[in-house]
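Examination of the molecular architecture
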Amino acid sequence: MNHFAMLTTFAKVQTRIRLVQEMIRIFANVKLTNKLTGSWLATRETPLIRTVATSCLVCAKSREISQKKELSEKKLTRHFVDHRNVKLQAGAGGKGACTFHSEPRKEWGGPDGGNGGDGGNIIIKVDRQVKSLAQVDPVYKGEDGDSGGSKNCYGRNAGSTYIAVPLGTVVKEQGNTVADLSQHGQEYVAAFGGAGGKGNRFFLSNENRAPMTATPGERGQERVLHLELRTMAHAGLVGFPNAGKSSLLRAISNARPAVAAYPFTTLNPHVGIVKYRDHEQVAVADIPGIIRGAHLNRGLGISFLRHIERCRFLLFVLDLSTPEPWTQLQYLRYELDQYESGLSLRPHAIVANKMDLPGSKANLEALRSHVDHRVIPVSALTGQNTEELILHLRELYDGYLQTEIQGSGEDKLIRCFLVKKNCVFELAFDLCCWDHTDGCLLCVVADWTSKGCAYCWDTCWCQHVRRMDNESDKWAGVLWEYLCLHQPLEKSDVIIGLGCHDVRVAERSAALFLEGWAPWLLFTGYLGKQTADVWTRPEADVFLDVALKMGVPRENILLETKATNTGENICFSYRILKENNIPARKLILVQQPFMERRVFATFLRQWPDQGDNMHTIVTSPEIGISGYPNPTVGTTADLIMRMLGVLERIRDYPQKGFQVEQEITHSALTAYHWLLQAGYIPK
Ligand SMILES: Nc1nc2c(ncn2[C@@H]2O[C@H](COP(=O)(O)OP(=O)(O)OP(=O)(O)O)[C@@H](O)[C@H]2O)c(=O)[nH]1
Ligand SMILES: [Mg+2]
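Residues numbered from 1 in each chain as written. Chains lettered and ligands numbered in written order. Predicted model: local features only at pLDDT ≥ 70, side-chain atom pairs only at ≥ 80, totals over all residues. Heavy atoms only, no water.

The name that an unreviewed UniProt entry assigns to the chain is Mitochondrial ribosome-associated GTPase 2, with the source organism given as Umbra pygmaea. According to UniProt, the comment filed for the chain under the heading Subcellular location (unreviewed entry) is "Mitochondrion inner membrane". For the chain, the Subunit (unreviewed entry) comment in UniProt is given as "Associates with the mitochondrial ribosome large subunit; the association occurs in a GTP-dependent manner." (UniProt positions renumbered as here; feature names shortened; annotations may be inferred.)

With that settled, consider the packing of aromatic side chains. Each aromatic ring pair is specified by the distance between its two centres and by the angle formed by the two planes. Under the counting rule described, the total for this entry stands at eleven aromatic pairs. Pairing Phe202 with Phe203 gives two aromatic rings, centres 5.2 Å apart and planes at 85°, and the pair type is edge-to-face. A relative accessible area of 32% places Phe202 in the partly exposed class. With a centroid separation of 4.9 Å and an interplanar angle of 85°, the aromatic rings of Tyr653 and Phe658 are classed as edge-to-face. The class of Tyr653 is buried, set by a relative accessible area of 19%. A cation over an aromatic ring shows up here: Arg504 above the ring of Tyr628, its NZ or CZ 5.3 Å from the ring centre. (Phe/Tyr/Trp six-rings, centres within 6.5 Å; stacked < 30°, edge-to-face > 60°. Buried < 20%, exposed > 50% of the residue type's maximum accessible area, 1.4 Å probe, protein only. Lys NZ or Arg CZ within 6 Å of the ring centre and 35° of its normal.)

Residue position: Gln592 is located in the loop between β22 (586-590) and α14 (596-606). Within polar-contact distance, the side chain of Gln592 engages the side chain of Asp502 at 3.3 Å. Among the polar contacts made by the side chain of Gln592, one reaches the side chain of Tyr628 at a distance of 2.7 Å. Once you skip the residues sitting within four places of it in the chain, Gln592 turns out to touch Cys500, His501, Asp502, Val505, Ser620, Pro621, Tyr628, Val633 and Arg642. (Helix = DSSP H or I, 4+ residues; strand = E, 2+ residues; numbered from the N terminus. Polar contact = N/O pair within 3.5 Å; in protein donor to acceptor, adjacent residues only side chain to side chain. Contact = heavy atoms within 4.5 Å.)

A few words now on the pattern of salt bridges. Evaluated as defined, the whole model comprises 19 salt bridges. Note that Asp545 is salt-bridged to Arg537, the shortest N-O span being 3.0 Å. Residues joined in a network through salt bridges with shared partners are Lys87, Arg219 and Glu222. (Salt bridge = Lys/Arg side-chain N within 4 Å of Asp/Glu carboxyl O.)

This part is about the sheet that holds strand β10 (residues 270-275). Strand order in the open sheet formed by six strands is β10-β11-β9-β12-β13-β14, with mixed pairing between adjacent strands. Edge positions in the open sheet fall to β10 and β14 (375-377), since each of these has one partner strand only. On average, each strand axis in the sheet is tilted by 30° relative to the strand beside it, whichever way the strands run. In this sheet, strand β13 (residues 348-353) lies alongside strand β12 (residues 313-319) in parallel orientation, the contact comprising six bridges. Residue pairing for β13: Leu318 is matched across the bridge by Ala352. In the packing of helix α6 (residues 326-339) onto the sheet, contacts are made with β9 (235-239), β12 and β13, and the angle to β12 comes to roughly 140°. (Pairing = 2+ DSSP bridges. Axes fitted to C-alpha atoms, helices over the stretch in contact; angles between N-to-C directions.)

Turning to the sheet that holds strand β21 (residues 557-560), a few remarks are in order. Read across the open sheet, the five strands follow the order β21-β20-β19-β22-β23; overall the sheet is parallel. Of all the strands in the sheet, just β21 and β23 (615-619) have a single pairing partner and so form its edges. Each strand of the sheet is rotated relative to its neighbour by a mean of 20°, with strand direction disregarded. With five bridges joining them, β22 and β23 adopt parallel strand pairing. For Val590, the partnering residue across the bridge sits in β23 and is Thr619. The strands touched by helix α11 (residues 504-514) are β19 (494-498), β20 (520-524), β22 and β23; relative to β20, the strand with the most contacts, the crossing angle is about 165°. Packed on one face of the sheet, α14 meets β19, β22 and β23 and runs near 160° to β23.

Quick look at the pairing of β23 now. Among the five residues of β23, four are classified as buried, and the element is accordingly described as predominantly covered. Remark: the β22/α14/β23 crossover connection has right-handed handedness. (Right-handed = clockwise from strand over helix to strand, strands pointing away.)

Attention now moves to the confidence of the model for the chain. For the chain, mean pLDDT is 77; residues scoring 70 or higher make up 75% of the total. When mean pLDDT is taken per element in the chain, β19 scores highest with 96 and helix α9 (residues 448-451) scores lowest with 28. Here residues 26-78 scores under 50 on pLDDT; set against residues more than four positions off or in separate chains, the count is 72 contacts. Across residues 408-469, where pLDDT falls below 50, the model places 116 contacts with residues more than four positions away in sequence or in other chains. (pLDDT = per-residue confidence, 0-100.)

Core analysis: the largest hydrophobic core is formed by 46 residues, its most contacted members being Leu479, Leu483, Leu577, Leu587, Phe594, Trp607 and Met643. For this core, the secondary-structure elements that each account for two or more residues are α10 (470-483), β19, α13 (566-579), β22, α14, α15 (636-656) and α16 (666-677). Top element by residues in this core is α15. It accounts for nine residues. With residues near it in sequence (within four places) discarded, Met643 still touches Ala476, Leu479, Trp480, Leu483, Phe594 and Ile625. One finds Phe240, Ala283, Ala285 and Leu320 within the second-largest nonpolar core, a separate group that totals 28 residues. (Core = buried A, V, L, I, M, F, W, Y, C linked by side-chain atoms within 4.5 Å.)

Compared with the 16 Å implied by 1.5 Å per residue over twelve residues, the 17 Å span of helix α12 (residues 539-550) between its first and last C-alpha is a close match. For α12, the set of buried residues is Glu539, Ala540, Val542, Phe543, Leu544, Val546 and Ala547. Those residues of α12 hidden inside the fold are in contact with β19, α11, β20 and β21. Where α12 terminates, the next one or two residues include Gly551, which has phi positive at roughly 105°. (Expected span 1.5 Å × (residues − 1).)

Here the focus is the environment of Gly567. As for its position among the elements, Gly567 is in helix α13. According to the relative accessible area criterion, Gly567 is buried, its value standing at 14%. Excluding residues within four positions of it along the chain, Gly567 makes contact with Thr602 and Gln606.

On the secondary structure map, Phe203 appears in the loop between β7 (187-191) and β8 (222-229). Classification of Phe203 by relative accessible area gives buried; the value is 15%. The contact partners of Phe203, leaving out residues within four places of it in the chain, are Lys198, Asn208, Pro211, Thr213, Ala214, Thr215 and Gln655.

For the rest of this paragraph, the subject is the pairing of β8. Residues Arg223, Leu225, Leu227 and Leu229 line the buried face of β8, whereas the alternating positions Glu222, Val224, His226 and Glu228 sit on a face that is not buried. One ladder, built from seven bridges, connects strand β1 (residues 83-89) with β8; its direction is antiparallel. Looking across to β8, one finds that Val86 is bridged to Leu225.

If you want it as structure tokens, here you go:
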């Protein structure tokens, strides 16, 4: 055998020896574990298989022997974070391009600059797997949209940035709650990406065949939000200092809170996850010890009672080695109830800990005779009977899920719109209607908040019509407020009632005349979008009837019956007043409340005579948003869709030259996006 072959054989023998040593070590460990836990191999034969998959039946204390240095309390608490501030900057829109078509022998190619892509939104999304806010970064920046290109190439829209948060996260802005995320998968668009800029192709018109204008993309929304976990954990371990709460959490979950033989070892709450075979997970919080007078802020005081309040059910941990352990329970209950009445009555179990110590057995019997609730004897140190505790924990959890589902029946409704004869009804379908097949097509988008609305036709819908939810109402109110101007009235030369399908506009115009705000009343309008299907006579004629009925003399009323849109209403009214030699330096324009801003912006662009001494006031029927819906003008859902359409015109029409630019406030823009997302379609 040569020298090299000898070396190879020696190395092989050494590897085998190491393998055998390793096997012996593992085997010895298994035997030790079997002794402590009641067998690893035995479970293969016995039908009594653990229904839990927690890895830590071995006593909690034994783990302290591990060579790994224990983490300090401060470091340990980093694993669980229950509130966070985040700064969000959504992506900016890409800029529009300014280019012209170029081709050999084609000198004057038209504009072909494409629009920029929209900036990416930042979305907060609930993920059941996420248990704390520890993973949430302090700053998020959304993706920017791509710029537009030549040959009418549009820039790519940026994708959304997602922030995963646990169930029960409350989103707050300047102290106000803006979202309460309570369902798995629920999304909240926390910052909207900026719209992409327009390329010069967009500005092509009959007047300008070679526009050089291209606009930059809008900036993305910027927000600072405060995230807070409403529910801290499913179960909370409540007990006096040193009762063994942290040891117990170590014994039943994967958490590693510090354990020591002195009070107030735990200074901050820790959350451990108990995992079950069916992959269900129950979060258990180890809460710092409570002492008598905690409700008066003694010991670690009220802040920890606050954590208890956020748990769905409680585990009272008692040290059974002390005399009269039931008094601990009485004191704990007293402290909880002093903090919040009825808190101690939450679903709970009593855990009698330290059963391995002498005297505990006798105390257990005495405790059982003093309380009428279930008592689970365990030893966190040796792991004795932790099985029963884990199974009972699951019972409590299942009970909680049951009540949660029953209580949130309303949330299970799926919302959609029914469009019928030009009327839109908001509907709510119960889950059971998914299989509803009595001759109707029912199409429901489950993820309605992000996908938009669903339509359903010809169904027995009456029973399902319901009020709009508060959140839509809120945003509709914000939009309404932005669109109304609330200008104070002044004596004027002419009152102009702009035609529409709402006769309250005619009534308001006539009332203003009768109150003496102006000596002339002019109604303008042929048939428009809303009236074309409903009326056969021009809007101005219908309004005239209303005014005459109210007692306005015919000779004070002028009619303009050709205009089909707001711009024409203004231009044609100017002409009529000129033809009749009626001075018009001061005007009162009357339209529907949510049209005030748009009418004003249109007037400033379309009225030919915009001298310094020209003065205009826009007003409307004196009704609020709740008083607006009626059988003629439609439902609140109709109103919302019209308001969205008006806002889009305020945004887009200045570029087309129809009206002057108006600043769109941040709140109005947020309302617009929210309502769009909720499925309302701009009309
Ligand atoms: N013999 C015995 N000792 C235990 C048992 N459980 C906990 N201990 C001991 O009791 C002491 C306190 O345990 P901890 O788990 O830190 O108690 P705690 O309730 O978290 O205490 P605080 O964090 O101070 O509120 C430690 O020395 C543990 O080893 C048990 O079942 N049997
Ligand atoms: Mg502790």
